[in-house]
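# Overview (structure and organization)
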Amino acid sequence: MDDTGNKIPIKPLGWWVRSHGCNELHLEHIELEVCLMGWVQYRRDHGGLIFIDLRDRDGLTQVVFSPEVNALALEEAHALRSEYVIAVKGVVRERPKDMINPNLKTGHIEVAVKEFRLLNRSETPPFLIEDRVEVAENLRLKYRNLDLRRPSMVRNIRMRSQAVSALRNFLNESGFIEVETPVLTRSTPEGARDFLVPSRQNQGFFYALPQSPQLFKQLLMCAGVDKYYQVVKCFRDEDLRADRQPEFTQVDLEMSFVEEGGVMSVSENMIAALFREVSGIELETPFMRLNYDQAIADYGLDRPDVRFELKLKDVTEIVRGSGFNLFANAQLVKALRVPGGSELSRKEIDDYTDFVGIYGAKGLAWIKIKDNEWQSPIAKFLSGEERAGLSSVLGLEPGDIVFFQAASPDVVNNALGYLRIKLGERFQLIPENTFAPLWIMDFPLLEWDEEEKRWTARHHPFTAPKDGHLDLLEHEPGLALARAYDLVINGYEIGGGSIRNHTREGQEKMFAVLGIDNEQAGNEFGFLLQALDYGAPPHGGIAFGLDRLIMLMVGAASIRDVIAFPKTQKAACLMTDAPATVTSKQLRELGIRLREQGKTLDN
RNA sequence: GGGGCCGUAGUUAAGCUGGUUAUAACGCCGGCCUGUCACGCCGGAGGGCGCGAGUUCGAGUCUCGUCGGCCCCGCCA
C-alpha cells in the first residue's frame, strides 16, 4: 500500500455503537443523530464536498462530508477509497427536493457527517463490488468473500436462510423432530461413489461420508421417532453439473405409519408454505400428479417442465409400413409439433440436429407445414395415408414444424425431450416467474444395468415395490413398480422419496434381485435387517435438494450462486485450494502410501 | 472416460486471412471541483497475450501438449 500522501490512521471502534443499518433511514428519521458503519461503495469527491455511499448487507446510505459540519473530517475523507471500512456519526437530513435519488430506498435522506472513524483500509478489490459487472466465475470463487458482498449474492444467501427457517418452522409445527446423524459412517454398495475418510485408529479401514442419511433415518423410524427431519449435508463423489455439487444440502424427512399420500401431502404443504413465506407465491395444492409412463410418453423425460404445453406424440404405428425405412423399422417413432415453428432457419435446424446428437440421435427428421405443401427432406417418402395420419394425430396446421425421432425408446425420448425444452426457450413458450410443481409416480422399481448385467435399484434398495409387485421380482423384475415419488418443479428434480420395505422378508427379496446375497446383506446391512426384525413400523419419507430449491426460488442459473463457498466442476475450492496434498507424516499415521510418490506436501 | 466453449492491462472485452511501438471502456494513481449519486474535467501509470514446445524471416493470431474455468454426455440408487 502507498504510505505517502494523505494517509489517515485506523482507529478502534471505541465506544461507538451502530444505531442503524444502511438501508434503514427515511424521512421519519430526520434530525436524528445516527451512527452507521459499513464499506465505501462509491466516493464522489467534489473537493469542497464529498459524498460517500456507505454499504452494508442491507443497502446504501449517502453520507456527506462538508466544511460547514466538520472541516477536518472533510479534509480526512479525501483519503477514503473503495471498500474502506468506516464508521460515521452524523445527523439525518432531508435532501433538497431535486437531489432525491429514487434508486435508493434511503434516497430521500442523507447523513451529514459530524465525525468519522476509519476502521480498516482495503486494497483495490480485484473486481467491482456491484451486481451489474460480470466477472469470470473463477475470480469470483477465488475472492468469494468479496463476491459475497455483492447485493445479489447477499440476497441469495439471505433467502436461503429464510427458506431453511420456514422449512424448519413448518416441520417443527407439524410434529417432526430434528435429529442429527453421523457424517462419518460406513461405505455401502449401490448408489453413487463414496467419499472415503481413512481411519487412523483402525488402519486400513475407512469411513464414508453419507450420500444421504437414508439408513439412519429408517433406523430412527425403527426407534419410534415417528417423524424425523434434518437439514443435512450429503456427499457424492460424482462428476459435477450446474445443478450438482459434491457436497450438497438435503431437507430430509421420514415418517412412520404413512403411505405415499401421507408423505406427499406433508411435502406439498411444506413446499407451499416455503413459497408463501419466502417468495409470497401461492402454489396450488395438491400438486399435479403424473405417472412415470405418462411423463415419458408426453415429455420424454421423467422430470418434465410442464410450464409449457408442447407434447410428444407416438406415431410409430402410423409410419409402420412407410417407404421411409428409418421410420418403418424403428422401435419407436415420436413426433414433436411446434406451432409456428416453420420460421426456423436451416441453420437453426442443423444446430438442433447437432443438439440431439448429444443424446445419441443419428439425425433429426423434420417437416415444415406450408400452405400447400410439406417442405421436408423426408416428405417424398411419405404416402398420402401417412400424411393424413400424421396430420390428424398431430393436428398439423400451416406454419408448423414437426420434428421426428426414430430409434430406441431411450434415444427418442431423451432427444425429443431435451429438444422440447430447447424449443420452448427458442419460441419463448416458458412463462417466467412461474412455478409448476408436479409429482411423478409409479416409477419402475428396477433398472437393467447393461454394463454390469444386473438389475439395480432405480431409487434405492430400500424402496418398497407396489402392493402385489413383490412377486414380480422373481420372474419379471422389469415390470415391478416402486412405491416412489419424485417432486419436479420447472424441469428440476427437487425431491424424491418412497415408502420403504419395513419387513425383513421384503427387504431380503429386494436385495436378492439386486444380486446382494444373504452374506453380503448381513455384512453390510445387517443392522438394518436386524432393526426390521424388532417391530419396525411401516414408514416412508422423502428428501429435497435444498440448493436446487433455492436456485429456483432466486432464479439463479447455477447451484453455485446459492452456496456460499461452492466448488468448481473439478470439485476444487479456489479460495482454500482444497483438495490439497498432505504431509508424509499424516499419511504414515493413516497407514497410507501413495501409488504415485512425491505428491505429498513435504517433498 | 468423452464432446463443446473460453483464457489478451486490476476487470470486461476488441485484435480480419500471422507483419511496424497490442486497442477501448471501466477501475487505479495525481491534479481541479460545494450538490453529486455508476459525479464531472485535465493528466498519468499499467499488459506482451494462461503455461510449454513447435512451424515461420516473423506468432494473441497457425500446430501440438499442458494447466485452469464454464456447459454438456456418461456417471449422479
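Scroll up a little and you will see the structure.
A brief look at the structure comes next. (Residues numbered from 1 in each chain as written. Chains lettered and ligands numbered in written order. Predicted model: local features only at pLDDT ≥ 70, side-chain atom pairs only at ≥ 80, totals over all residues. Heavy atoms only, no water.)

On to the sheet that holds strand E3 (residues 60-65). Here five strands make up a closed barrel; going around it, the order is E1-E2-E3-E5-E4 and the pairing mixed. Neighbour-to-neighbour, the strand axes of the sheet open up by a mean angle of 55°, direction not taken into account. (Pairing = 2+ DSSP bridges. Helix = DSSP H or I, 4+ residues; strand = E, 2+ residues; numbered from the N terminus. Axes fitted to C-alpha atoms, helices over the stretch in contact; angles between N-to-C directions.)

Here we come to the layout of surface pockets. The volume enclosed by the second largest pocket comes to roughly 640 Å³. Around the second largest pocket, the lining is made up of 20 residues, and of these Tyr292, Asp410, Pro444, Glu447 and Arg458 lie nearest the centre. Sorting the residues of the lining of the second largest pocket by element identifies helix H7 (292-299), helix H11 (409-426) and strand E18 (446-449) as the ones contributing at least two each. If one sorts the elements of the lining of the second largest pocket by residue count, H11 sits on top with four residues. A class-by-class count of the residues in the lining of the second largest pocket yields eleven nonpolar, four polar and five charged. (1 Å grid on protein atoms, 1.4 Å probe; cavity = no way out; pocket = protein on both sides within 12 Å on 5 of 7 lines; lining within 4 Å. Points joined across faces, edges and corners; volume = space filled by probe spheres on them. Nonpolar A, V, L, I, M, F, W, Y, C, P; charged D, E, K, R; others polar.)

This part is about the side chain of serine 322. By the secondary structure assignment, serine 322 is in the loop between strand E12 (312-314) and helix H8 (325-329). Apart from the residues within four sequence positions on either side, serine 322 is in contact with Phe327, Ala328, Phe381, Leu382 and Glu386. (Contact = heavy atoms within 4.5 Å.)

The next subject is the environment of glycine 389. Its location among the elements puts glycine 389 in helix H10 (residues 384-394). The class of glycine 389 is buried, set by a relative accessible area of 18%. Each C-alpha atom, one on glycine 389 and one on leucine 326, is 18 Å from the other, the two residues being 63 residues apart in sequence. (Buried < 20%, exposed > 50% of the residue type's maximum accessible area, 1.4 Å probe, protein only.)

Turning our attention to the side chain of serine 199. With respect to the secondary-structure elements, serine 199 resides in the loop between strand E7 (196-198) and strand E8 (206-208). There is a polar contact of 3.0 Å between the side chain of serine 199 and the backbone nitrogen of asparagine 202. Those residues in contact with serine 199 that sit more than four places away from it in its chain are Phe205, Phe206, Tyr207 and Leu590. (Polar contact = N/O pair within 3.5 Å; in protein donor to acceptor, adjacent residues only side chain to side chain.)

One finds Leu253, Met270, Ile271, Ile489 and Phe544 to be the most contacted residues of the largest nonpolar core, which totals 45 residues. Sorting the residues of this core by element identifies helix H4 (151-173), strand E10 (247-256), helix H6 (260-279), strand E17 (437-441), strand E20 (484-489), strand E21 (492-499), strand E22 (539-545) and helix H15 (546-554) as the ones contributing at least two each. The biggest single contributor to this core is H6, with nine residues. Contacts of methionine 270, omitting those with residues within four sequence positions, involve Leu167, Phe170, Leu171, Val251, Leu253 and Phe544. Counting residues in hydrophobic clusters, the runner-up holds 33 residues, among them Leu215, Leu438, Ala482 and Val513. (Core = buried A, V, L, I, M, F, W, Y, C linked by side-chain atoms within 4.5 Å.)

Our focus in this paragraph is the packing of aromatic side chains. Aromatic ring pairs: the centre-centre distance and the angle between the two ring planes describe each pair. One pass over the structure, following the stated rule, counts 14 aromatic pairs. Centroid distance phenylalanine 462 to phenylalanine 511: 6.4 Å. Interplanar angle 85°. Geometry classified as edge-to-face. In this pair, phenylalanine 462 is assigned in the loop between strand E19 (454-457) and helix H12 (472-475) and phenylalanine 511 in helix H13 (residues 504-513), connecting sequence segments 49 residues apart. We classify phenylalanine 462 as buried; its relative accessible area is 6%. Taken together, a centroid distance of 5.5 Å and an interplanar angle of 75° make the contact between phenylalanine 462 and phenylalanine 525 edge-to-face. With phenylalanine 462 in the loop between E19 and H12 and phenylalanine 525 in helix H14 (residues 518-533), this residue pair connects regions lying 63 residues apart in the sequence. The same class applies to phenylalanine 462 as to phenylalanine 525, namely buried. (Phe/Tyr/Trp six-rings, centres within 6.5 Å; stacked < 30°, edge-to-face > 60°.)

Moving on: the sheet that holds strand E9 (residues 227-235). Taken together, eight strands build an open sheet; the order of strands is E6-E9-E10-E22-E21-E20-E17-E11 and the sheet is mixed. At either margin of the open sheet sits one strand with a lone partner, and together these are strand E6 (177-178) and strand E11 (288-291). Bridge analysis of E11 against E17 gives four bridges, and the strand direction is parallel. Directly across from methionine 288, in E17, lies its bridge partner leucine 438. The sheet contacts of helix H5 (residues 214-222) involve E9, E10 and E22, and relative to E10 the element is tilted by about 20°. Along the sheet face, H7 touches E11 and E17 and points at about 90° away from the line of E11.

With six of eight residues buried, E21 lies mostly within the body of the structure. Where E20 lies against E21, six bridges are found, and the strand directions are antiparallel. Opposite aspartate 486, over in E21, you have glycine 496 as the bridge partner. Following E20, the chain reverses through two residues before pairing antiparallel with E21; asparagine 490 in that reversal takes a positive phi of roughly 50°.

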